[in-house]
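Okay, here's what each chain looks like letter by letter:
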Amino acid sequence: MSASNIASQTVAGRFAFIETLSSEFLSRTGFGVYVFLNPLDVDQLFEAYCGGELPILAFARQCVRKTLA
């Protein structure tokens, strides 16, 4: 696999993660993810998601619950 394909997959994965996380915050609070977390926090959550085994939606829901607790 070429480097550009790997980079494209990483960008697509990051985009899907942020969209899912933001959708979960929006559906639960009426506000997007960046009202509650800064971009560095979101990036760290993405790295944690990549290192784990939870599906993206389950991970996003878990993040929302922990943030709002």
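Before reading on, note that the structure itself is shown above.
Residues numbered from 1 in each chain as written. Predicted model: local features only at pLDDT ≥ 70, side-chain atom pairs only at ≥ 80, totals over all residues. Heavy atoms only, no water.

Caption draft 1: Representation of the overall build of the protein in the model. Looking only at helices and strands, the protein features four helices and zero strands. When the helices and strands of the protein are placed in sequence order, the string is α-α-α-α. Within the protein, the proportion of its 69 residues that are buried is 20%. Excluding contacts between residues fewer than 6 apart, the proportion of contacts in the protein whose partners are at least 24 apart in sequence is 59%. A total accessible area of about 4600 Å² is found for the protein, and carbon and sulfur atoms account for 60% of it. (Helix = DSSP H or I, 4+ residues; strand = E, 2+ residues; numbered from the N terminus. Buried < 20%, exposed > 50% of the residue type's maximum accessible area, 1.4 Å probe, protein only. Contact = heavy atoms within 4.5 Å. Areas by Shrake-Rupley, 256 points an atom, 1.4 Å probe, with all protein chains shown as cover.)

Caption draft 2: Inspection of the nonpolar core at higher detail. Counting residues in each nonpolar core, the largest one holds twelve residues, listed as Phe17, Leu21, Phe25, Val33, Leu37, Val42, Leu45, Phe46, Phe59, Ala60, Cys63 and Val64. Setting aside residues up to four positions removed in sequence, Leu21 forms contacts with Val33, Val42, Leu45, Ala60, Cys63 and Val64. (Core = buried A, V, L, I, M, F, W, Y, C linked by side-chain atoms within 4.5 Å.)

Caption draft 3: Just the packing of helix H3 (residues 39-51) against helix H4 (residues 56-68), in detail. Where H3 meets H4, the closest approach of the two axes is 11 Å, and the angle between their N-to-C directions is 135°. Relative to H4, H3 is oriented oblique. In this structure, H3 meets H4 at a crossing whose hand is right-handed. Taken together, the residues of H4 that come into contact with H3 (itself represented by Leu45, Ala48 and Tyr49) are Ile56, Phe59 and Cys63. A class-by-class count of the residues in the contact of H3 with H4 yields six nonpolar, no polar and no charged. (Axes fitted to C-alpha atoms, helices over the stretch in contact; angles between N-to-C directions. Parallel < 35°, antiparallel > 145°, perpendicular 65-115°, else oblique. Left-handed = near helix turned anticlockwise from the far one by under 90°. Nonpolar A, V, L, I, M, F, W, Y, C, P; charged D, E, K, R; others polar.)

Caption draft 4: Up close: the pattern of salt bridges. Under the definition given, this model contains four salt bridges. Across the pair Glu47 and Arg14 runs a salt bridge, and its minimum N-O distance is 3.5 Å. Taken together, the positions of Glu47 in helix H3 and Arg14 in helix H1 (residues 3-29) put the pair 33 residues apart, joining distant regions of the chain. Each member of the salt-bridge network shares a partner with another, and the members are Arg14, Asp43 and Glu47. (Salt bridge = Lys/Arg side-chain N within 4 Å of Asp/Glu carboxyl O.)

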